[in-house]
Amino acid sequence: MKLMSVISANATTVAGYKPIRREVDITGAMEQCVAQGLWLCLPIIEAQDKPLYFRRWRLGEALEKGRYGVEVPPADAPTSRPDVVIVPLVAFDRRLHRLGYGAGYYDRTIRHLHQLEKNIQIIGVAYAIQEVEHIPVGALDEKLDMIVTEKEIITGA
């Protein structure tokens, strides 16, 4: 996967994720981020109607179970604001729309981060087989900047 080739050269902090279900495992890319001197952070669910926030994390550091059993950095880890957010997804289309698990956490987070920082980079990660012709889009859904699969980098149609 060519994930590292699309991360902004100006980035200092990358928000990854610990895969659940059948999400793409991006551990290798997070290791490459560290090798290039970038900080890592992981998403935290604060409440159902709020955007995610992020806690700093180092590869190999112990994680604890957060909401929905997702592994997260411990509560005493410092919060962090990423320059790049790598987003898992269930399905996507070539217009850079994504389908997640339906709770809207990443949509709220992307909207919130764009309000704070215009240059934030939002990268979806998926397997090519997850592509569909059309994702229905509502008023609260947010587009990605690009999607990286094992076959290609999609920058929109």
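Now for a quick tour of the structure. (Residues numbered from 1 in each chain as written. Predicted model: local features only at pLDDT ≥ 70, side-chain atom pairs only at ≥ 80, totals over all residues. Heavy atoms only, no water.)

### Points about the environment of Arg81
Along the chain, Arg81 falls in the loop between strand S6 (79–80) and strand S7 (84–88). Measuring from C-alpha to C-alpha, the distance between Arg81 and Thr12 comes to 9.9 Å, with 69 residues separating the pair along the chain. Those residues within four positions of Arg81 in sequence are excluded, and the remaining contacts are Thr13, Leu113 and Leu116. (Helix = DSSP H or I, 4+ residues; strand = E, 2+ residues; numbered from the N terminus. Contact = heavy atoms within 4.5 Å.)

### Quick look at unusual backbone geometry
Working note: non-glycine residues mostly have negative phi, and peptide bonds are mostly trans. Positive phi, close to 50°, is recorded for Arg21, a residue that is not glycine. By the secondary structure assignment, Arg21 is in the loop between strand S1 (13–15) and helix H1 (27–35). At Leu96, a position not held by glycine, the phi torsion is positive, near 75°. Relative to the helices and strands, Leu96 resides in the loop between strand S8 (91–92) and strand S9 (98–99). The exposure class assigned to Leu96 is buried, which follows from its relative accessible area of 4%. (Buried < 20%, exposed > 50% of the residue type's maximum accessible area, 1.4 Å probe, protein only.)

### Details of the nonpolar core
Grouped together as the largest cluster of nonpolar side chains are 41 residues, with contacts concentrated most on Leu3, Ile7 and Val85. Mapped onto this core, the elements with two or more residues apiece are S1, H1, strand S2 (39–44), strand S3 (53–57), S7, helix H2 (105–116), strand S10 (121–125) and strand S11 (146–148). Non-local contacts of Ile7, meaning those with residues more than four positions away in its chain, are made with Val14, Cys33, Leu38, Val84, Gln121 and Ile123. (Core = buried A, V, L, I, M, F, W, Y, C linked by side-chain atoms within 4.5 Å.)

### Overview of the sheet that holds strand S12 (residues 153–154)
Pairing is mixed across the open sheet formed by eight strands, whose spatial order is S6-S3-S2-S1-S7-S10-S11-S12. One side of each edge strand has no neighbouring strand; the edge strands of this open sheet are S6 and S12. Pairing geometry for S3 and S6, over two bridges, is antiparallel. Each bridged residue has a counterpart across the sheet, and for Arg55 the counterpart in S6 is Thr79. Against the sheet, H1 touches S1, S2 and S3, its axis set at about 135° to S2. The sheet strands contacting H2 are S2, S3, S7 and S10, and the helix crosses S7 at an angle near 165°. (Pairing = 2+ DSSP bridges. Axes fitted to C-alpha atoms, helices over the stretch in contact; angles between N-to-C directions.)

### Overview of the environment of Val85
Relative to the elements of secondary structure, Val85 occurs in strand S7. Take Val85: its relative accessible area is 1%, and that puts it in the buried class. Each C-alpha atom, one on Val85 and one on Val34, is 15 Å from the other, the two residues being 51 residues apart in sequence. The residues touching Val85, leaving out its near neighbours within four places in the chain, are Ala15, Phe54, Tyr106, Leu113, Ile120, Gln121, Ile122 and Ile123.

### Some details on the pattern of salt bridges
A complete count under the given rule lists four salt bridges for this structure. Close ionic contact of Asp93 with Arg95 constitutes a salt bridge, the shortest N to O distance being 3.1 Å. Given a relative accessible area of 32%, Arg95 falls into the partly exposed group. As a salt-bridge pair, Arg111 and Glu142 come within 3.0 Å of each other at their nearest N and O atoms. Of this pair, Arg111 sits in helix H2 while Glu142 sits in the loop between S10 and S11, and the two are 31 residues apart along the sequence. Residue Arg111 is classed as partly exposed on the basis of its relative accessible area of 24%. The network of salt bridges with shared partners includes Arg94, Glu131 and Glu152. (Salt bridge = Lys/Arg side-chain N within 4 Å of Asp/Glu carboxyl O.)

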